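Here's the letter readout for the chains.
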Amino acid sequence: YALFWIHAAMEKHNNLVVKSNRLIQATSNLGLVEVRLMQLAVVDAREIEVGITTDTNLTIHAKRYAEAFGVTLDAAYLALQDAAKTLFERQFTLYEAAKETTKSKRITSRWVSQIAYIDDAAKLEIMLSPAVVSEITRLEAQFTRYYLEQTAKLTSVYSIRLYELLIQWKGALKIPFFELDAIKQQLGVGGDYGRTDNFKRRVLDLAVSQINEHTDIFVNYEQVKVGRIITGFSFVLKSKNKPTDETQKPKKPEQKSKTVKKEEQIDWMTSDILDRFISLSPSQQQAILDQVEPTLKGATQVRFKVARAGSIKQLVTEFSLDINDALMRSASNGR
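Model, not experiment: these values are computed from the prediction.

Asker: Whenever I open this one, the overall build of the chain confuses me. Can you help?
Answerer: Along the chain, the regular secondary structure elements total 14 helices and 12 strands. Evaluated residue by residue, the chain yields a buried proportion of 46% over its 335 residues. Taking as baseline every contact in the chain between residues at least 6 positions apart, the subset at least 24 positions apart corresponds to 63%. Surface summary for the chain: the accessible area is close to 17,200 Å², and the carbon and sulfur share equals 50%.

Structure representation (C-alpha cells):
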C-alpha cells in the first residue's frame, strides 16, 4: 500500500488540502491535535512563494487553530502547548521498492525537525523534517485533494485517517481490499484493540459514523473472511453531492459527458497503477505477476498469460485492479 507516491498542499485562501498518496498511505502515530497541526503546517509550507527548505520556520497561531477546527481559544492554547511536548517524537513510515531486492524498503522519519511554543504570543513554530519537505515538494507525485472543512468536524484521528485513505479512490470504479493488519497500521491503531470486534466497534464504526455525518461522502464496509477468520475489509463510498433524482433521462450530450468522465477516472487509476508497477525491478514485476496469475480462472487466466508476453502497458491496463491488489499485498508483506 505504501508504494503510492505522495504530495501535500493547500491552495491559498480556499482551504484545499492536497496530500500525496504516498504520505496518506504511510503508517503514523499522530494524535488528533497533531494531525490537525500538520495539516496547517503543510498548507503553509506549500503557500510559501519562494519555496520551503528544512530551515523554513512555519508559524501556527492558537487563534487560527481555533477558527479552523471550531474549538475555543483556550482549547487551542492547550492544544498547541501539548503538541509542543509530543510532536517532535512522532514518526511516520513509508515503503518503496528497493531496486536491488524483491522486498520493500522501509523509510522511517520524524514529522518535524524542530518545534517551539511561545507562551506570550500563543503560537507554535515548526520546522518540517527533510523527508516531509521532500514529499510535499514532489511535483511528479500522485496526489489526493480535499477541503479542510471536510475533516474539521471529525473528532477522532481514526476518522481523519480513514477519510484520507478512502477519498483518494473517490470516483474510481473499485476501492482496493484493505488487509486487517495493513489498515490497522495505516489508521495508527498499532497493537490496540487486539480483538477484531473491538477494532470494528471502537475504530471503524466510529470513523464511518463521523465521516457519514460530517464529510462530503457516505462510507460503508464489509468484512472479508477466510473461513471464520476476518482477513480485511472492503469499502464502498459515494459522494453526497451526487444528484439523487435519477428518474429523468439525461440528454444525449450529458450521456457523452458522463462517459468521458468515467474514462478519465479509469485512465487516472490505471496510470497510477502502471507508474507503481514499472517502478519495480524486473524481478519484482515478475513476482507480482506470479501472484496475480493463480487468482484468475479459466479464459481470464489464459488471456492474462497471453498478455504477459506483450507490452507492460497493455497488461496493466487490462488487469489493473488485479495487479493493484497484488502490489498492495506485496507492500504489506514487505513490512
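Asker: Is there a simple way to think about the pairing of strand β7 (residues 112–118) in this case?
Answerer: Successive side chains on a regular strand alternate, one facing one side of the sheet and the next facing the other. In this sheet, strand β8 (residues 123–128) lies alongside β7 in antiparallel orientation, the contact comprising 6 bridges. By the bridge assignment, alanine 116 is partnered in β8 with glutamate 125. Adjacent in sequence and paired antiparallel, β7 and β8 are bridged by 4 residues, among which alanine 122 carries a positive phi angle near 50°.

Asker: Would you explain the sheet that holds strand β5 (residues 91–97) in this entry?
Answerer: Pairing is antiparallel across the open sheet formed by 3 strands, whose spatial order is β3-β5-β6. Whereas interior strands pair on both sides, the edge strands pair on one side only; in this sheet they are β3 (27–28) and β6 (104–110). Here 7 bridges tie β5 to β6, and the two strands are oriented antiparallel to one another. Residue glutamate 96 lies in a different strand from β6, and its bridge partner there is lysine 105.

Asker: I would appreciate a short explanation of the environment of lysine 99 in the present structure.
Answerer: In this fold, lysine 99 is placed in the loop between β5 and β6. For the pair lysine 99 and glutamine 284, spaced 185 residues apart in sequence, the C-alpha to C-alpha distance is 8.6 Å.

Asker: Help me understand the packing of aromatic side chains, please; the structure alone is not making it clear to me.
Answerer: For any pair of aromatic rings, the description rests on two quantities: the centre-to-centre distance and the angle between the ring planes. One pass over the structure, following the stated rule, counts 7 aromatic pairs. Measuring from ring centre to ring centre gives 4.5 Å for phenylalanine 92 and tryptophan 111, while their planes differ by 50°; the resulting arrangement is tilted. Pair noted here: phenylalanine 92 is in strand β5 and tryptophan 111 is in the loop between β6 and β7, with a separation of 19 residues, a long-range link. Of the residues examined, phenylalanine 92 reaches a relative accessible area of 1% and is grouped as buried. Pairwise contacts between aromatic rings join Phe178, Phe199, Tyr221, Phe233 and Phe235 into one cluster. Over the ring of phenylalanine 88 we find arginine 110, and its NZ or CZ is 4.3 Å from the ring centre.

Asker: In this structure, what is going on with the packing of helix α7 (residues 157–167) against helix α8 (residues 180–187)? I would like to understand it.
Answerer: Two measures define how a pair of helices packs: the angle their axes make with one another and the distance between the axes. Running from N to C, α7 and α8 point in directions that differ by 120°, and their axes come no closer than 9 Å. One way to sum up the angle between α7 and α8 is to call them oblique. From α7, Tyr158, Arg161, Leu162 and Leu165 reach across to α8, where they touch Ile183, Gln186 and Leu187.

Asker: Which parts of the structure should I look at to understand the nonpolar core?
Answerer: A general trend in soluble globular proteins is that nonpolar side chains are found buried together. Residues Leu128, Leu162, Leu187 and Phe235 are the most contacted members of the largest nonpolar core, which totals 69 residues. Examining the composition of this core, we find that 8 residues originate from one element, α7, more than from any other. Not counting the four nearest positions on each side in its chain, leucine 162 is found in contact with Ile183, Leu187, Leu204, Ala207, Val208, Ile211 and Phe235. Residues Ala97, Ile273, Leu296 and Ile323 belong to the second largest nonpolar core, which totals 17 residues.

Asker: Sorry if this is basic, but what is going on with the environment of lysine 123 here?
Answerer: Tracing the backbone shows lysine 123 in strand β8. Of the residues examined, lysine 123 reaches a relative accessible area of 21% and is grouped as partly exposed. Those residues in contact with lysine 123 that sit more than four places away from it in its chain are Thr59, Ile60, His61, Leu80, Ala116, Tyr117 and Ile118.

Asker: Explain the sheet that holds β8 here, please?
Answerer: Each strand in a sheet pairs with another by means of backbone hydrogen bonds, the pair being arranged parallel or else antiparallel. One open sheet holds the 3 strands; their spatial order is β4-β8-β7, and the pairing between them is antiparallel. In this open sheet, the two strands that pair with only one neighbour each are β4 (58–61) and β7. Neighbouring strand axes in the sheet, compared pairwise and without regard to direction, differ in orientation by 20° on average. Sheet topology places β4 next to β8; 4 bridges connect them, and they run antiparallel. Residue pairing across strands places histidine 61 opposite lysine 123, the latter belonging to β8. Contacting β4, β7 and β8, helix α4 (residues 73–86) runs over the sheet at an angle of about 135° to β7.

Rules of the game
- Residues numbered from 1 in each chain as written.
- Predicted model: local features only at pLDDT ≥ 70, side-chain atom pairs only at ≥ 80, totals over all residues.
- Heavy atoms only, no water.
- Helix = DSSP H or I, 4+ residues; strand = E, 2+ residues; numbered from the N terminus.
- Buried < 20%, exposed > 50% of the residue type's maximum accessible area, 1.4 Å probe, protein only.
- Contact = heavy atoms within 4.5 Å.
- Areas by Shrake-Rupley, 256 points an atom, 1.4 Å probe, with all protein chains shown as cover.
- Pairing = 2+ DSSP bridges.
- Phe/Tyr/Trp six-rings, centres within 6.5 Å; stacked < 30°, edge-to-face > 60°.
- Lys NZ or Arg CZ within 6 Å of the ring centre and 35° of its normal.
- Axes fitted to C-alpha atoms, helices over the stretch in contact; angles between N-to-C directions.
- Parallel < 35°, antiparallel > 145°, perpendicular 65-115°, else oblique.
- Core = buried A, V, L, I, M, F, W, Y, C linked by side-chain atoms within 4.5 Å.

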